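Spelled out, the chains give:
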Amino acid sequence: MKQLQIDLTPEEYHEAGLRRRAVARAAGMAEGDLGEVREVRRTLDCRRKPLYHTTFELCAVGEQLPPDEVQGWMDRYRHVGAEAPRVAIVGAGPAGLFAALRCLELSLRPLVLERGKPVEERRRDVATLAREKRVDPESNWCFGEGGAGTYSDGKLYTRSTKRGDVGAVLRTFVAHGADPAITLDAHAHIGTDRLSGIVAQMRHTVLEHGGEYHFGTRMAGLKVADGRVRGVLTADGAVVDADAVVLATGHSARDIYTLFARQGWLLEAKPFAVGVRVEHPQLLINEIQYHGSGYSKHLPPAAYSLTTQAAGHGVFSFCMCPGGVIVPAATADGQQVVNGMSNSHRNSPFANSGIAVTVGLDDVGGDDPLALLRFQQQIEADAFAAGGNTINAPTQRLVDFLRGRQSSRLRKSSYLGDTVAAPLHELLPPFVATSMAEAFRHFDRKMRGFITDEALLLAVESRTSSPVRIPRDRDTLQHPQLASLYPCGEGAGYAGGIVSSALDGIRCVDAIFSCLPQRP
Ligand SMILES: Cc1cc2nc3c(=O)[nH]c(=O)nc-3n(C[C@H](O)[C@H](O)[C@H](O)COP(=O)(O)OP(=O)(O)OC[C@H]3O[C@@H](n4cnc5c(N)ncnc54)[C@H](O)[C@@H]3O)c2cc1C
């Protein structure tokens, strides 16, 4: 077997015959002598003329490549009996799901407690939310099986490669139904249409191996004795006993933060970011990123990533969705929140991304742990009022935002609710609006044409990460006051995005395992 790195034009990359010829040439082999060829890595480089940097494994005719690592992946999950140590996992988002699967690898018994519904039922609630503009506080774009990860774009990019084995997370997704191509890309993408099937498949794995799932089960408290957590108290009055509890409730579980505050359990304010979603026609973004339209028929819808400092604040693009749609991501009545997602084919005519401004305690005043959460709640309430006391998205053309005037007409948007014209330059807190205006001018210098008549801004992008951290010990990962409680994932402030949340779920279960008096 030989490994080969080779640069291919988009045409060579996408046409099988051309690709095989280029690989043979680069390997110094006659095409007829070339046997199996397996792609193992690819990156699309668009800094100049678009080019794929690829890595292939290959062998000669009559030889065989070794099996890839996904084969036999499911054999790692062991059956856990009733006598196995019980780990209650609160929240079935990426952190909770990967924690549950890791329990099976270590012969621990996962009990998944999820306030929302199985993904098959959740799908109906999400559709109703946009149509009837009513938010079910237990079943929405953030709550329910798969968490915020289910109806997400499914971009699997993370900077947190030091926090664990990213490849293992990707292979777990593939073993549960994701396209094997996700293991090739530096910026892999699953797509909303595929994610729901994958999270259901993960549930089947957990149940088949002796774990439990309890839907419609909201954690309302903890069973604590002698400073140690012994289980979970549910909203309907039940007690779920457990040897350890993984708290993976995501950044929208405000009831969990208020529970901690009420009980006097340690919490910290955590800087986060707020802003808007900007939407352009995808063709325009393709032209800018691919340096003209000539290349785009061989290339995927183009993405971008922008960051700058403006008016003393970091401003950055967030969760960029090529060929995506904008979704209403509120979790209760009285809130207006937008986010973005896309299907696996990324085939909507729009490109959207969050443009978010960093916010810290200095910006909002106050020094209590919930000060930033209150700020987040206030801007969501203001956006809700500006939308006419419903989940209409207050919207403005980008050029009008920069000129400080309300838009008289809005073009069509992908937003799944309705848009209403609103003066976002006045609606957003002044430091957010000022930083964003300066940043847009900077972004236009990096991507000529970013500021255009066709760009819309929709409010408000406020759930970028958690505004609160639930602290934990650096080594044991347990809450400083509550032994056996493992704050985990994005809601606890230790992750941001699907992959880092998944890695954190795995880390927490490893920490539980290493603390067990007797290992199973
Ligand atoms: C529309 C959208 C698009 C996104 N796109 C991407 C993307 O492309 N790539 C990416 O990396 N990230 C994306 N994200 C962010 C990503 O989804 C989150 O970072 C990730 O899901 C966080 O994982 P988590 O498990 O920590 O929390 P969550 O996914 O938020 O899961 C928490 C779970 O806990 C449950 N829960 C909450 N409170 C309780 C309670 N009291 N009792 C029981 N259960 C409870 C919730 O119902 C939920 O299922 C997107 C998010 C959204 C909303």
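Quick caveat: nothing in here was measured; it's all calculated off a predicted structure. (Residues numbered from 1 in each chain as written. Predicted model: local features only at pLDDT ≥ 70, side-chain atom pairs only at ≥ 80, totals over all residues. Heavy atoms only, no water.)

Undergrad: Run through the overall build of the protein, naming residues and quoting values.
TA: Per the secondary structure count, the protein includes 15 helices and 22 strands. Its C-alpha radius of gyration of 24 Å places the protein within 12% of the 24 Å reference for a compact globule of 520 residues. With the C-alpha coordinates of the protein rotated into their principal frame, the extents come out at 70 × 65 × 40 Å. In the protein, which comprises 520 residues, the share counted as buried stands at 58%. Counted over contacts in the protein with a minimum sequence separation of 6, partners at least 24 positions apart contribute 71%. Between the mean site of the 58 positive side-chain charges and the mean site of the 59 negative ones, the protein shows a separation of 2 Å. (Helix = DSSP H or I, 4+ residues; strand = E, 2+ residues; numbered from the N terminus. Rg over C-alpha atoms; globule rule 2.2 N^0.38 Å. Buried < 20%, exposed > 50% of the residue type's maximum accessible area, 1.4 Å probe, protein only. Contact = heavy atoms within 4.5 Å. Lys, Arg positive; Asp, Glu negative; His and termini not counted. Charge placed at Lys NZ, Arg CZ, Asp CG, Glu CD.)

Undergrad: Mind laying out the layout of surface pockets, listing which residues take part and the relevant values?
TA: When its volume is computed, the second largest pocket comes out at roughly 580 Å³. Around the second largest pocket, the lining is made up of 24 residues, and of these Val40, Arg41, Arg171, Thr183 and Leu184 lie nearest the centre. Elements with a minimum of two residues in the lining of the second largest pocket: strand 2 (34-45) and helix 5 (166-175). Considering each element in turn, the lining of the second largest pocket owes the most residues, five residues, to helix 5. The residue makeup of the lining of the second largest pocket, split by class, is twelve nonpolar, four polar and eight charged. (1 Å grid on protein atoms, 1.4 Å probe; cavity = no way out; pocket = protein on both sides within 12 Å on 5 of 7 lines; lining within 4 Å. Points joined across faces, edges and corners; volume = space filled by probe spheres on them. Nonpolar A, V, L, I, M, F, W, Y, C, P; charged D, E, K, R; others polar.)

Undergrad: A description of the site of the ligand should follow, citing residues and the corresponding values.
TA: The local shell around the ligand holds 37 residues, among which Glu114, Gly144, Ala148, Glu490 and Ile498 are the closest. Between Pro94 and the ligand, the recorded distance is 3.2 Å, taken from a backbone N or O atom to an oxygen atom. Within the complex, the protein chains bury 96% of what would otherwise be the 1,000 Å² of accessible surface of the ligand. Taken together, the elements giving at least two residues each to the shell around the ligand come down to helix 3 (94-105), strand 16 (338-342), helix 14 (489-492) and helix 15 (498-515). Class assignment for the residues of the shell around the ligand results in 16 nonpolar, 15 polar and six charged. Composition of the shell around the ligand by domain shows at least three residues from each of domain 2 (79-267 + 470-515) and domain 3 (269-461). (Near = heavy atom within 4 Å. Polar contact = N/O pair within 3.5 Å; in protein donor to acceptor, adjacent residues only side chain to side chain. Areas by Shrake-Rupley, 256 points an atom, 1.4 Å probe, with all protein chains shown as cover. Domains from an automatic or database assignment.)

Undergrad: Explain the pairing of strand 2 to me, and be specific about the residues and the numbers.
TA: With nine bridges joining them, strand 2 and strand 3 (residues 51-60) adopt antiparallel strand pairing. Looking across to strand 3, one finds that Leu44 is bridged to Tyr52. Between the antiparallel neighbours strand 2 and strand 3 lie five residues. (Pairing = 2+ DSSP bridges.)

Undergrad: Hey, could you go over the sheet that holds strand 9 (residues 239-241) for me, with residue numbers and the actual values?
TA: Taken together, three strands build an open sheet; the order of strands is 7-8-9 and the sheet is antiparallel. The open sheet has two edge strands with one neighbour each: strand 7 (219-225) and strand 9. Strand-to-strand twist in this sheet, taken as the mean axis angle between neighbours without regard to direction, amounts to 30 degrees. Judged from the three bridges that link them, strand 8 (residues 228-234) and strand 9 form a sheet pairing that is antiparallel. (Axes fitted to C-alpha atoms, helices over the stretch in contact; angles between N-to-C directions.)

Undergrad: Which residues make up the packing of aromatic side chains, and what values go with them?
TA: Tallied over the full model, the rule gives twelve aromatic pairs. Each ring, one from Trp141 and one from Tyr151, has its centre 5.5 Å from the other, and the planes form 75 degrees; the classification is edge-to-face. Here the residue Trp141 occupies a position in the loop between helix 4 (119-132) and helix 5, and Tyr151 occupies one in the loop between helix 4 and helix 5, the gap between them amounting to ten residues. You can call Trp141 buried: its relative accessible area is 6%. (Phe/Tyr/Trp six-rings, centres within 6.5 Å; stacked < 30°, edge-to-face > 60°.)

Undergrad: Which residues make up helix 8 (residues 282-289), and what values go with them?
TA: For helix 8, the full list of buried residues reads Gln282, Ile285, Asn286, Ile288 and Gln289. Down the axis of helix 8, the buried set is contained in an arc of 165 degrees. They therefore lie on one face. Among the structural elements, strand 12 (272-281) and strand 17 (350-359) are those in contact with the buried residues of helix 8. Looking at the residues trailing helix 8, positive phi occurs at His291, about 55 degrees. (Arc of directions from axis to C-beta.)

Undergrad: Would you mind going over the pairing of strand 3 in detail, with residue names and values included?
TA: Extensive coverage of strand 3 is indicated by the burial of seven of its ten residues. Bridge count for strand 1 (residues 2-8) against strand 3 is seven bridges, and the pairing is antiparallel. Pairing of Gln5 across the sheet is with Thr55, part of strand 3.

Undergrad: Break down the pattern of salt bridges for me, with residues and values.
TA: In the structure shown here, the tally under the stated rule is 31 salt bridges. The salt bridge involving Glu39 is made with Arg19; its shortest N-O contact spans 3.4 Å. Placement of the pair is Glu39 in strand 2 and Arg19 in helix 2 (residues 16-27), with a sequence separation of 20 residues. Arg405 is paired through a salt bridge with Asp400; the nearest N and O atoms lie 2.8 Å apart. Since its relative accessible area comes to 41%, Arg405 is described here as partly exposed. If you follow the salt bridges from partner to partner, you end up with Arg76, Arg102, Glu105 and Asp510 in one network. (Salt bridge = Lys/Arg side-chain N within 4 Å of Asp/Glu carboxyl O.)

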